[in-house]
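Structure at a glance
Here is what each chain is made of, one letter per residue.
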Amino acid sequence: MAGILYIVPTPIGNLGDITLRAIEVLKSADTILAEDTRTSGKLLRHFEITTAVRSYHMHNEHRITTDLAARMEAGETMALISDAGTPGISDPGFLLVRECLRLGVRVECLPGPTALIPALVESGFPTDRFVFEGFLPPKKGRQKRLQALREEQRTMIFYESPHKLLKTMEQLQEIFGSDRQISVSRELSKLYAETIRGTLLTVKEHFEKHAPKGEFVLVVRGAGS
Ligand code: SAM
């Protein structure tokens, strides 16, 4: 019998956001694959999960994916977690899922925490159709990516780090114009969670006055929506 690869979402802030099923799966797996064993160690200790942990991150995934998938094909069950949220969403996961499917290993992603969905829903912009753009390319290709979104009608979601937030908002303003609506959610599910809504101009002014700190999701209203 082949094993299973479980993709297990973990809290993006509040530990209470973990699901009962996530805890069960993490306890019963043969091995937990963690992006950062130290970060996940805190979570696992908190929920008294004693399963063996092995690291799986962007620097070793290319080297070890084939071997891990073969072990699952031979019967082991593994649970992949990242530092926060859903693995595979701007986090390692895609390569392992693809390799498991190639070998006929069952893959199951548990529903659970991820930053993009609460940010989208809190924005108040249309949720029936949206595009997740993840992180913009750091330098090369950034302008091209944004240009391609100039006429996008669906709600757009971006992840961004605090030190690039103002620069990114400036670039968004150049492409979409100052009046385009944006909603910026920071520190979702944490103590200082807040969502700031307005135009690209007013929200940028807000963050010029209040230095960006923490984790951010930017949600931009689609053209003419
Ligand atoms: N796998 C995660 C998910 O499912 O959302 C995303 C991991 S990615 C490396 C980290 C980025 O996600 C952050 O830079 C930020 O854009 C976003 N993020 C994660 N947690 C967040 C939070 N609590 N509040 C706002 N944004 C968050």
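Each value, and the rule that gives it
- Residues numbered from 1 in each chain as written.
- Predicted model: local features only at pLDDT ≥ 70, side-chain atom pairs only at ≥ 80, totals over all residues.
- Heavy atoms only, no water.
- Pairing = 2+ DSSP bridges.
- Helix = DSSP H or I, 4+ residues; strand = E, 2+ residues; numbered from the N terminus.
- Axes fitted to C-alpha atoms, helices over the stretch in contact; angles between N-to-C directions.
- Contact = heavy atoms within 4.5 Å.
- Parallel < 35°, antiparallel > 145°, perpendicular 65-115°, else oblique.
- Left-handed = near helix turned anticlockwise from the far one by under 90°.
- Nonpolar A, V, L, I, M, F, W, Y, C, P; charged D, E, K, R; others polar.
- Domains from an automatic or database assignment.
- Buried area = accessible area lost by both parts, 1.4 Å probe.
- Salt bridge = Lys/Arg side-chain N within 4 Å of Asp/Glu carboxyl O.
- Polar contact = N/O pair within 3.5 Å; in protein donor to acceptor, adjacent residues only side chain to side chain.

1. Remarks on the sheet that holds strand 10 (residues 216-220)
Sheet strands associate in pairs through backbone hydrogen bonding, adopting either a parallel or an antiparallel arrangement. Read from one edge to the other, the open sheet built from 5 strands follows the order 6-7-10-8-9, with strand pairing classed as mixed. The open sheet has two edge strands, strand 6 (130-135) and strand 9 (194-199), and neither has a second partner. Averaged over all pairs of adjacent strands, the angle between strand axes in this sheet comes to 15°, irrespective of strand direction. Note that strand 6 and strand 7 (residues 155-160) share 5 bridges and pair parallel. Each bridged residue has a counterpart across the sheet, and for F132 the counterpart in strand 7 is I157. Along the sheet face, helix 7 (residues 165-176) touches strand 7, strand 8 (181-186) and strand 10 and points at about 10° away from the line of strand 10.

2. Side note on the packing of helix 7 against helix 8 (residues 200-209)
Between helix 7 and helix 8, the least distance of the axes is 10 Å, while the angle of their chain directions is 165°. On the basis of the axis angle, helix 7 is roughly antiparallel to helix 8. Every pair of crossing elements has a handedness; the one defined by helix 7 and helix 8 is left-handed. Listed contacts from helix 8 to L165, L166, M169, E170, L172, Q173 and F176 of helix 7 are L200, L201, V203, K204, F207 and E208. Of the residues contributing to the contact of helix 7 with helix 8, the split by class is 9 nonpolar, 1 polar and 3 charged.

3. Concerning the domain arrangement of the chain
For the chain, the domain assignment lists domain 1 (4-109) and domain 2 (116-220). Here the C-alpha centroids of domain 1 and domain 2 sit 29 Å apart. Of the residues lining the interface, 6 residues belong to domain 1; the matching set on domain 2 comes to 9 residues. Roughly 490 Å² is buried in total at the junction of domain 1 and domain 2, and carbon and sulfur atoms are behind 62% of that figure. Broken down residue by residue, the surface that domain 1 buries against domain 2 is led by I12, I89 and S90, which jointly contribute 76%. At the boundary of domain 1 with domain 2, the tally comes to 0 salt bridges. At the junction of domain 1 with domain 2, the criterion picks out 2 residue pairs in polar contact (both at pLDDT 80 or more). Tallied by class, the residues present in the side of domain 1 that touches domain 2 amount to 2 nonpolar, 3 polar and 1 charged.

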